Amino acid sequence: MVRRSRGAEAAIAVMVLALSTACGSRLPESDFEHRDRSTPSAPAGERTPIRVGIITSATSPVGGNAFTGPRDGAKAFFDRLNARGGVDGRRVEVRECDDGGSGVGNNECVHELIDEDKVVALVATTALDYAGASRVSHARVPDIGGQPIGAAYDTYPHLYGIYGSLAPRSGTTGWDGKQYGGTEVYRYFKREHGARTAAVVSYNQPASAAYARLVERGLKAEGYEVVAEQVDFALPNFRAVAADLKEQGADLVFDAIDSHGNARLCEAMDDVGAEVTAKVTNVQNWTSTVAEDYKDAPRCRNALWATGSSRNFEDKDQDAVREFRDATNHLEAHSQWQLEGWAAAMWFTDAAKACADQGVTRACVDDHMNRSQGYTADGLLIPVRFERLAEPPKSRRTCLSVARWEDGRGWVAQGDMNSTCFEVPQLSYQP
């Protein structure tokens, strides 16, 4: 993989679960393919709805609401779409399934949605353990705009992650089991803010430590002096870490820890007077609840920066963002993952509209997705590409969205995401 969300990688890093895989029975594609498109002359209210599925780890050991953002954004899009007449007069019917954050639960959701509900596509999948991914692919069900928390979207055909992929996707992860990520985030802070020293904070837990090593490698490739900080997962001493950050004079702080740990780290940094150019967080923590989450760390809170591959949900001067915000104004909070779920639902809808004349089937939607080059969801996404390169590129021009938190203003975009771009090396890592 070549342009992967740092938020997705960090989400993996802080999961202290042993992920398991499971296989279910597989039926031939003919059992899934349904061409039940009603005749054009049927009144809209009587025409067969287009059924889609959303799999979310809504309840999981990670904690409630950790993965629900994409689901909520997608549902809001489909609600508005249906209020405006649906697709060619057909309502989009959403079937949800909570997999509980387990591989067994995920396989059960895949079976329910694909075999029983016979959905045309999955949309905005956000699964802690996407154990049923191979079954989705075998059934040739397009999975559109999912969050790449694991390696599935760089492994199987018919799965289309929200950030795209250049990997062969022929059943083997990435290229020979390795995935690739760029150093654009580190290049940005070096070029735009003159950062030279960066700290990386992790837990003494294998996944967290592995992700931290990846971040450290990328920072070193960009010429940073790197300060590695590790805390005990069960009894973390964030004050000692904060004191050392101050002593080392770190310009930036990256992390491979969870949201709660980040808030405690920020509190400790304020307590010891450790000030940095940026405390860099990820897309999963790019939410409107920062003031509450970091209420006891005002200095660190106002040094929070987030990076990703989608337009800041606070950019209300953008028509597409305004429509998203208007349709989700009933939600208690807003987040970047909600916006990306909205974009995923839009992506499916555009594919379904393109198939309306010949029938909205799995095969037609999948064919449209295979030709989705440079898709932007009306400007909400950095252009997404799906290619199947035989070899991973050594470097690539990569763009990123950057925002900074400011009390009283929220997340403030830092330049345009389509022009904040860098030619950066692609570094391999084991997922």
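No experiment lies behind these values; they were computed from the predicted model shown.

J.: Give a description of the state of the cysteines that names residues and reports values.
T.: In a disulfide, the sulfur atoms of two cysteines are held together by a covalent bond. Going through the model one piece at a time under the given rule, you end up with four disulfides. Note on cysteine connectivity: cysteine 266 is disulfide-linked to cysteine 300, with sulfurs 1.9 Å apart. Judged by the sign of its S-S torsion, about -45°, the bond between cysteine 266 and cysteine 300 is left-handed. With cysteine 266 in helix H8 (residues 259-272) and cysteine 300 in helix H10 (residues 298-301), this pair connects stretches of sequence that are 34 residues apart. Take cysteine 266: its relative accessible area is 0%, and that puts it in the buried class. Each disulfide pairs two cysteine sulfurs, and for cysteine 399 the partner residue is cysteine 421, the sulfurs being separated by 2.0 Å. On the sign convention where negative is left-handed, the bridge of cysteine 399 and cysteine 421, at about 95° about the S-S bond, is right-handed. On the criterion of sequence distance, the pair formed by cysteine 399 in strand S12 (residues 395-399) and cysteine 421 in strand S15 (residues 421-429) is long-range, its members being 22 residues apart. Pair check on accessibility: cysteine 399 and cysteine 421 agree, each one buried.

J.: Could you give me a rundown of the packing of aromatic side chains, with the residues and numbers involved?
T.: For the coordinates displayed, the defined rule picks out 17 aromatic pairs. Measuring from centroid to centroid gives 5.0 Å for tyrosine 188 and phenylalanine 189, while their planes differ by 85°, and the two rings are edge-to-face. The exposure class of phenylalanine 189 is buried, given its relative accessible area of 0%. Residues tryptophan 347 and tyrosine 375 carry aromatic rings whose centres are separated by 4.8 Å and whose planes lie at 5° to one another, so their mutual orientation is stacked. Of this pair, tryptophan 347 sits in helix H12 (residues 336-355) while tyrosine 375 sits in the loop between helix H13 (362-370) and S12; the two residues are 28 residues apart in sequence, bridging distant segments of the chain. A relative accessible area of 0% places tryptophan 347 in the buried class.

J.: Report on the packing of helix H7 (residues 238-248) against H8, specifying residues and quantitative values.
T.: Describing two packed helices takes the angle between their axes plus the distance from one axis to the other. Orientation of H7 relative to H8, taken along the N-to-C sense of each, is 55°, at an axis distance of 8 Å. One element, H7, and the other, H8, form an angle in the oblique class. As for the relative orientation of H7 and H8, their crossing is right-handed in sense. For the pair formed by H7 and H8, the contact residues are Phe238, Arg239, Val241, Ala242, Ala243, Leu245 and Lys246 on the first element and Gly261, Arg264, Leu265, Ala268, Met269, Asp271 and Val272 on the second.

J.: Please set out the sheet that holds strand S3 (residues 121-123) residue by residue, giving values where relevant.
T.: Taken together, the five strands give an open sheet; going across it, the order is S2-S1-S3-S4-S5, and neighbouring strands pair in parallel fashion. Among the strands making up the open sheet, the edge pair consists of strand S2 (92-98) and strand S5 (159-161). Each neighbouring strand pair of the sheet contributes to a mean axis angle of 25°, computed without reference to strand direction. As judged from the three bridges shared by strand S4 (residues 143-146) and S5, these two strands associate in the parallel manner. Bridge assignment links glycine 146 to a residue of S5, and that residue is glycine 161. Here helix H2 (residues 69-83) sits on the sheet in contact with strand S1 (50-56), S2 and S3, set at roughly 160° to S2.

J.: Describe in detail the sheet that holds S12, supporting the description with residues and values.
T.: Adjacent strands of a sheet pair through backbone hydrogen bonds, lying either parallel or antiparallel. Pairing within the open sheet is antiparallel, and its three strands lie in the order S6-S15-S12. Two strands lie at the open edges of the sheet, namely strand S6 (179-182) and S12, each paired on one side alone. Ignoring strand direction, the axes of neighbouring strands in this sheet form an average angle of 45°. Relative to S15, S6 runs antiparallel, the two sharing four bridges.

J.: Can you tell me about the pairing of strand S9 (residues 252-256), naming the residues and giving the values?
T.: Across the five residues that make up S9, a large majority, five, are buried. Of the two faces of S9, the one carrying Leu252, Phe254 and Ala256 and the one carrying Val253 and Asp255 are both buried. Here five bridges tie strand S7 (residues 197-203) to S9, and the two strands are oriented parallel to one another. From the neighbouring strand, valine 201 faces S9, where its bridge partner is aspartate 255. Looking at chain direction, S9 and strand S10 (residues 278-281) are connected through two bridges and run parallel. The partner of valine 253 across the bridge, within S10, is lysine 279. Between S9 and its parallel partner S10, the chain crosses via H8, and the hand of that crossover is right-handed.

J.: Any chance you could break down unusual backbone geometry for me, citing the residues and the numbers?
T.: Of note in this structure, arginine 140 is not a glycine but carries a positive phi near 60°. Of note, arginine 140 is situated in the loop between helix H4 (133-138) and S4. Overall, the relative accessible area of 42% leaves arginine 140 in the partly exposed class. At arginine 169, a residue that is not glycine, the phi angle is positive and equals roughly 50°. Among the structural elements, arginine 169 can be located in the loop between S5 and S6.

Cut-offs and rules
Residues numbered from 1 in each chain as written. Predicted model: local features only at pLDDT ≥ 70, side-chain atom pairs only at ≥ 80, totals over all residues. Heavy atoms only, no water. Disulfide = S-S within 2.5 Å. Helix = DSSP H or I, 4+ residues; strand = E, 2+ residues; numbered from the N terminus. Buried < 20%, exposed > 50% of the residue type's maximum accessible area, 1.4 Å probe, protein only. Phe/Tyr/Trp six-rings, centres within 6.5 Å; stacked < 30°, edge-to-face > 60°. Axes fitted to C-alpha atoms, helices over the stretch in contact; angles between N-to-C directions. Parallel < 35°, antiparallel > 145°, perpendicular 65-115°, else oblique. Left-handed = near helix turned anticlockwise from the far one by under 90°. Contact = heavy atoms within 4.5 Å. Pairing = 2+ DSSP bridges. Right-handed = clockwise from strand over helix to strand, strands pointing away.

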